[in-house]
Amino acid sequence: MIRLALKTLRFHKGGFIATFIALFFGAAIVVGCGGLFETGLHRAAPPERLAAAQVVVTGDQRYPGTRRDMFPERIRVDTALVDRIKAVPGVTDAVADVSFPAAVLGDKQAGAQQAGAQLTGHGWSSAKLAPYRVEQGKAPSAAGEIALDARFAAGNGVRVGQELRLALRGTADSYRVTALVSGPGSGDPATVFLTDTEAAEATGRPGQADTIGVFTAPGTALGPVEQAIEKEVGEGPAQVLSGDERGWAENPDVIAEGSKLVTLASVFGGLSAAVTVFVVSSTVGLSLNQRQRESALLRAIGATPAQLRRMVLGETLFIAVFATALACFPGPMIGRWLLDAFAGAGVVPETIAFRAGFVPMAVGVATALLTALGAAFLGARAATRTRPTEALAEASLQQRWFSKSRLVFALLFLGGGTALALVTANMAGPSAGSTATPAAMLWTAGFGLLGPGLAKMITAALRGPLRAFTGLAGSLASLNAKARTSRFAGAVMPVMLASGLALALIYLQTTQSSGGERAFRENLRADLVVTSVSGGLPLDLVETVARQPGVEAASAQVSTIGYIDPPAPKKPAPGSEDEGDEPDEPEPTEVPMQGVTPAGLDRTTAFRAARGSLTELTGDTVALPTAFAEASGHKLGDKVPMRLGDGTRVELTLVATVDGRRGYETALLPAALLVPHTDSGLLPQIMVKAEPGADQAELARTLSALATDHPGLRVADRAALAVVQAEADETQTWMSYLLLGMVVGYATIALVNTQVISTTERRREFMLQRLIGSTRRQVMQMMTVEAFLVAAAGIVLGVLVAALTLVPLSISVLGSPVPDGSPWIFVGVVGAALGLTLATTLLSARLVLRGKPGEMAGVRE
């Protein structure tokens with residue numbers, strides 16, 4: 001039967017090509033996502049600024065005892081380690097590196113064409129870590145001298161000997177450019193080098209370094225050197241890195257974002273694999289429907305069900321092997337393209353290198369093969385379980401679709417979708433999407449298994465209106481759909497898949513974005529915001545701003561992420577069965593933190609104390625969200641063990657609890673406590689509430705005048721704050737639409753594929769209609785109505801899938817069952833599904849009808 005299967009492939013080119021296309025695209029996407037998954041596991045980040053150092057010592061950004069939780073602010077190391085590391089055998093030198101933001105305020109000789117440009121500052125001794133080389137001039141050696149990135153200098157007309165005004169930590173001074181240097185990286189933001197002494201002062205953290213680059217003697221084995229350095233470092237929050245891991249020191253986000261890449265690859269790959277199952281199953285099923293009379297004849301002349309199954313599986317395996325082998329070539333390119341797209345959108349750092357070996361390719365190939373064989377097995381089972389005496393009759397009707405196993409699996413999928421819907425409705429808004437997407441796939445699978453029955457119900461409901469408005473063409477289309485239930489359902493399913501996923505994923509994103517915007521607007525009471533291009537503002541400026549004419553209130557605002565430390569694990573009681581077992585380490589609770597000044601907080605924000613008082617937020621205190629306080633069992637006056645953004649452990653007195661929109665809660669801490677534990681060590685913004693009736697434009701000019709004493713100061717209105725919030729959501733939005741484009745694009749290919757197959761297989765039917773007197777126009781009218789019927793049934797089921805997905809999500813995010821988003825999204829998706837179905841069906845029918853009835857008399861069935 002395998003030999004027979006291979007010989008018959010050339011007589012079924014349509015099904016062969018359709019199945020090949022579905023498997024090829026599905027396998028290529030899965031292989032690409034597998035490469036992304038492996039890339040996220042490796043988190044390889046070849047160093048640029050630290051490329052010359054063989055070993056790097058930097059802070060460990062991971063929460064102690066966990067690998068998933070990361071601190072957002074850089075953890076620094078003690079510069080006293082430099083001398084100890086230099087004494088390690090095999091080490092020739094060790095150099096401390098610091099980094100800090102700087103901004104160009106203008107230059108005395110050439111005006112202010114560079115004003116506002118952002119730079120990253122370092123100490124000159126760390127230039128050898130890249131290494132940077134001097135192209136013009138000489139290295140800075142005295143106070144007031146700098147070396148500037150040659151790319152920035154060329155783009156802004158800066159020359160050696162020229163003076164620039166730089167803002168560092170909110171203060172401005174003039175610096176003379178003594179050298180232009182070139183080195184690795186993109187030069188954005190550009191690099192500026194100060195003397196080591198001035199660089200240490202600019203960080204505001206003397207005695208601390210971001211990293212320590214270690215140079216070893218040529219030919220020295222790195223393993224023993226790393227072990228010796230680890231002993232010198234001790235048990236502090238530091239790690240010793242070599243190889244590609246050195247890039248983690250340049251960009252600590254690689255560690256956290258690498259884990260995110262694993263999640264993204266799993267979501268993309270899993271969703272793509274699920275769509276592949278639907279697409280291939282539908283395509284193989286239609287291909288088998290084309291050959292039901294052939295299968296029936298084989299059964300009638302004595303072929304056994306096992307022989308027919310082997311024939312179908314052999315054909316499909318041959319196609320699958322061919323398609324997946326070719327998919328291994330574009331698969332890695334898709335993975336690289338996705339990584340570049342993620343990096344370009346800021347989802348992951350650009351320094352992460354694509355690493356994909358044999359494993360993701362093997363997984364992708366295995367997934368595609370198993371998907372194809374599973375779909376073929378289900379189709380073959382349906383084709384071979386009929387008795388020989390019934391086979392021919394059933395082949396002519398193509399109506400049998402129901403089975404107990406099909407019903408059981410459909411109920412399981414629908415039950416899973418219901419369970420996930422309940423979970424989604426009760427989740428915090430920002431996290432609801434993580435269960436809503438898999439719920440959409442479960443609903444799709446359930447309705448797909450029940451597709452023939454649902455399609456019959458929808459067809460029966462539309463039969464009357466179709467006949468009333470379209471006459472004979474509508475009657476023929478309804479009869480065709482009723483007589484060939486399986487074929488009709490196979491054409492409907494891709495329409496349901498494409499329209500349902502498109503509506504669900506687009507409105508999922510618009511609803512979540514709306515939830516974030518609402519939470520932001522509800523909390524905002526300020527009219528103006530004061531910021532700085534120089535990296536931040538001093539904390540005492542808050543009181544200065546509050547004293548300005550026209551200001552009703554001013555409050556600091558600095559945001560970061562921290563953790564509530566879990567309680568110590570309880571040891572098993574002596575004599576118990578668990579005695580001697582190590583207790584499980586409890587997980588810390590991640591909590592958004594906002595540093596504020598209590599004066600003016602009630603007028604610049606919507607924060608209100610549910611219990612306690614926010615005016616007591618001074619010293620070592622905290623106001624926790626009510627939900628977090630209840631979950632951790634803390635009451636007013638309790639000491640709450642917490643970790644700040646840079647990993648510093650503190651015990652804060654709980655002075656208040658605050659309510660907030662679920663999923664958007666924030667813990668409030670005194671800004672004076674939080675600011676020193678951020679990367680800049682400065683205040684990023686001051687929220688300002690204008691007095692009633694005050695001219696906000698005049699107030700903005702008054703506040704801008706403070707730039708005389710605080711260089712780089714900027715004033716913006718609340719509209720600018722909304723823009724910043726929208727930009728922060730762009731990354732998530734872009735990522736969601738990329739997912740949508742790939743998955744729905746693949747589903748659209750399946751839609752076109754399926755409509756072409758289901759139309760071109762009907763040559764004999766069309767020929768018979770022509771021979772009994774039907775014109776081409778009448779046949780095309782019938783096919784137009786059929787295409788509309790297919791599109792309508794698919795869109796109805798797709799809308800049902802989207803509704804069952806989006807209603808729980810909207811309840812979670814917005815507190816309403818109605819999702820947020822433009823109605824034109826719905827119109828566009830429905831119009832696209834209808835247009836594609838009509839276009840592909842009618843174009844295929846037109847091609848089939850090109851011949852004359854007499855010439856079609858010999859057309860094979």
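All values reported here derive from a predicted model rather than from experimental measurement. (Residues numbered from 1 in each chain as written. Predicted model: local features only at pLDDT ≥ 70, side-chain atom pairs only at ≥ 80, totals over all residues. Heavy atoms only, no water.)

**Looking at the sheet that holds strand β12 (residues 211-216)**
Taking strand neighbours across the sheet as the criterion, the four strands line up as β3-β12-β1-β13 in an open arrangement whose pairing is antiparallel. Each edge of the open sheet is held by one strand with a lone partner, namely β3 (91-97) and β13 (238-242). Taken pair by pair, the neighbouring strands of this sheet meet at an average axis angle of 20°, ignoring direction. Of the pairings in the sheet, the one linking strand β1 (residues 55-59) to β13 comprises five bridges and is antiparallel in character. (Pairing = 2+ DSSP bridges. Helix = DSSP H or I, 4+ residues; strand = E, 2+ residues; numbered from the N terminus. Axes fitted to C-alpha atoms, helices over the stretch in contact; angles between N-to-C directions.)

**Some words on the packing of helix α14 (residues 404-425) against helix α26 (residues 776-814)**
In contact at an axis separation of 7 Å, α14 and α26 are set at 20° when each is read in the N-to-C sense. Comparing the axis directions of α14 and α26 gives the class roughly parallel. For the pair α14 and α26, the crossing hand works out as right-handed. For the pair formed by α14 and α26, the contact residues are A421, T424 and A425 on the first element and L804, P808, L809, I811 and S812 on the second. (Parallel < 35°, antiparallel > 145°, perpendicular 65-115°, else oblique. Left-handed = near helix turned anticlockwise from the far one by under 90°. Contact = heavy atoms within 4.5 Å.)

**Considering the packing of aromatic side chains**
Remark: the centre distance and the inter-plane angle together describe each pair of aromatic rings, the angle taken between the planes. Inspection of every chain in the model, using the stated rule, returns nine aromatic pairs. With centroids separated by 5.5 Å and ring planes inclined at 35°, the aromatic side chains of F20 and F322 adopt a geometry described as tilted. Within this pair, whereas F20 is found in helix α2 (residues 13-42), its partner F322 is found in helix α10 (residues 305-327), the two being separated by 302 residues in sequence. Given a relative accessible area of 17%, F20 falls into the buried group. (Phe/Tyr/Trp six-rings, centres within 6.5 Å; stacked < 30°, edge-to-face > 60°. Buried < 20%, exposed > 50% of the residue type's maximum accessible area, 1.4 Å probe, protein only.)

**Comments concerning the confidence of the model for the protein**
Summarising the model, the protein shows a mean pLDDT of 80, and 83% of its residues fall at 70 or more. Scored below 50 in pLDDT, residues 108-113 shows 13 contacts in the model against residues more than four places distant or in partner chains. (pLDDT = per-residue confidence, 0-100.)

**Some thoughts on the side chain of T58**
Here T58 shows up in strand β1. Among the polar contacts listed, one links the side chain of T58 to the backbone oxygen of D210, at a separation of 3.1 Å. Residue contacts for T58: discarding those within four places in its chain leaves R74, V77, D210, T211, P237, A238, Q239, L241 and A249. (Polar contact = N/O pair within 3.5 Å; in protein donor to acceptor, adjacent residues only side chain to side chain.)

**Concerning a nonpolar patch on the surface**
Where nonpolar side chains cluster on the molecular surface, the patch consists of V408, F409, L412 and F413 and spans about 380 Å² of accessible area. Relative to the helices and strands, F413 resides in helix α14. With a relative accessible area of 30%, F413 lands in the partly exposed category. (Patch = residues over 30% accessible without salt bridge, like charges linked within 9 Å, V, L, I, M, F, W, Y side chains within 5 Å. Areas by Shrake-Rupley, 256 points an atom, 1.4 Å probe, with all protein chains shown as cover. Salt bridge = Lys/Arg side-chain N within 4 Å of Asp/Glu carboxyl O.)

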